[in-house]
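# Architecture and fold: a report
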Amino acid sequence: MLKYRVGIGYDIHKLVENRKLILGGVEIPFEKGLLGHSDADVLIHAIIDSMLGALGLDDIGALFPDTDLKYKDVSSVVLLKEVFEIIKSKGYRINNLDSNIIAQAPKLRPYIVEIRANLCKILECENISVKAKTNEKMDAVGEMRAIEANAVVMLYLE
Ligand code: ZN
């Protein structure tokens, strides 16, 4: 058993009309939201993939297939809790987690404290960082057609 395990996660979703914008389990007031089979919480999806990667498991699409009606419009918080249970069942805990949300709009800074607190509660860990970036108006993210997220996690054997 490895004492420490590091994982990396990435995700991107399209920004569209008539969808809620949910990031890190927090609803953000905005005229658009992210398109996806679940609630399309791009930050939580990147975090989940970093955790599955750290454990050497298959990715989020394999664990929660978008062909499965069970996961239609499901809150990604539910999926994150399931993955955290897998981590604990293998004897691991979260050492620390770092993440980026890359969005040209809306301005996410006012929501970072709430997003971070929400993740800390779910993951039973204080060492969680969430950073908000723009894409300097470049590419799909910069043109407000998508929001992207990255995450790196380190797990330790309890
Ligand atoms: Zn996703």
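Look up: the structure comes first, before these words.
Summarised in this report is the structure supplied together with it. None of the values given here were measured: they were computed from a predicted structure. (Residues numbered from 1 in each chain as written. Predicted model: local features only at pLDDT ≥ 70, side-chain atom pairs only at ≥ 80, totals over all residues. Heavy atoms only, no water.)

## Notes on the coordination of the zinc ion
Protein coordination of the zinc ion is provided by Asp11 (OD), His13 (NE2) and His45 (ND1), with donor distances spanning 2.0 to 2.1 Å. Positions of the donor residues of the zinc ion, expressed as sequence spacing, correspond to D-x1-H-x31-H. You'll find Asp11 and His13 in the same group, each marked buried. (Donors = N, O, S within 2.8 Å, 3.2 Å for Na, K, Ca; no water. Buried < 20%, exposed > 50% of the residue type's maximum accessible area, 1.4 Å probe, protein only.)

## Quick notes on the packing of aromatic side chains
Using the criterion set out here, one finds one aromatic pair in the structure. Geometrically, the ring pair formed by Phe64 and Tyr71 is edge-to-face, given 5.2 Å between the ring centres and 75° between the ring planes. Each member of the pair, Phe64 as well as Tyr71, carries the same accessibility label: buried. (Phe/Tyr/Trp six-rings, centres within 6.5 Å; stacked < 30°, edge-to-face > 60°.)

## Comments concerning a nonpolar patch on the surface
A cluster of nonpolar residues, Val6, Ile8 and Val152, forms a patch on the protein surface that exposes about 300 Å² of accessible area. Mapping Val6 onto the fold places it in strand β1 (residues 4-17). (Patch = residues over 30% accessible without salt bridge, like charges linked within 9 Å, V, L, I, M, F, W, Y side chains within 5 Å. Areas by Shrake-Rupley, 256 points an atom, 1.4 Å probe, with all protein chains shown as cover. Salt bridge = Lys/Arg side-chain N within 4 Å of Asp/Glu carboxyl O. Helix = DSSP H or I, 4+ residues; strand = E, 2+ residues; numbered from the N terminus.)

## What about helix α3 (residues 76-89)?
For α3, with 14 residues, the first-to-last C-alpha span of 20 Å sits near the 20 Å given by 1.5 Å per residue. Listing the buried residues of α3 in full gives Ser76, Val77, Leu79, Leu80, Val83, Phe84 and Ile87. In a view along the axis of α3, the buried residues occupy a sector of 155°, so they form one face of it. Where α3 is buried, its residues touch α1 (42-54), α2 (60-63), β5 (92-102), α4 (112-123) and β7 (146-157). One or two positions beyond α3, positive phi appears at Gly91, with a value near 90°. (Expected span 1.5 Å × (residues − 1). Arc of directions from axis to C-beta. Contact = heavy atoms within 4.5 Å.)

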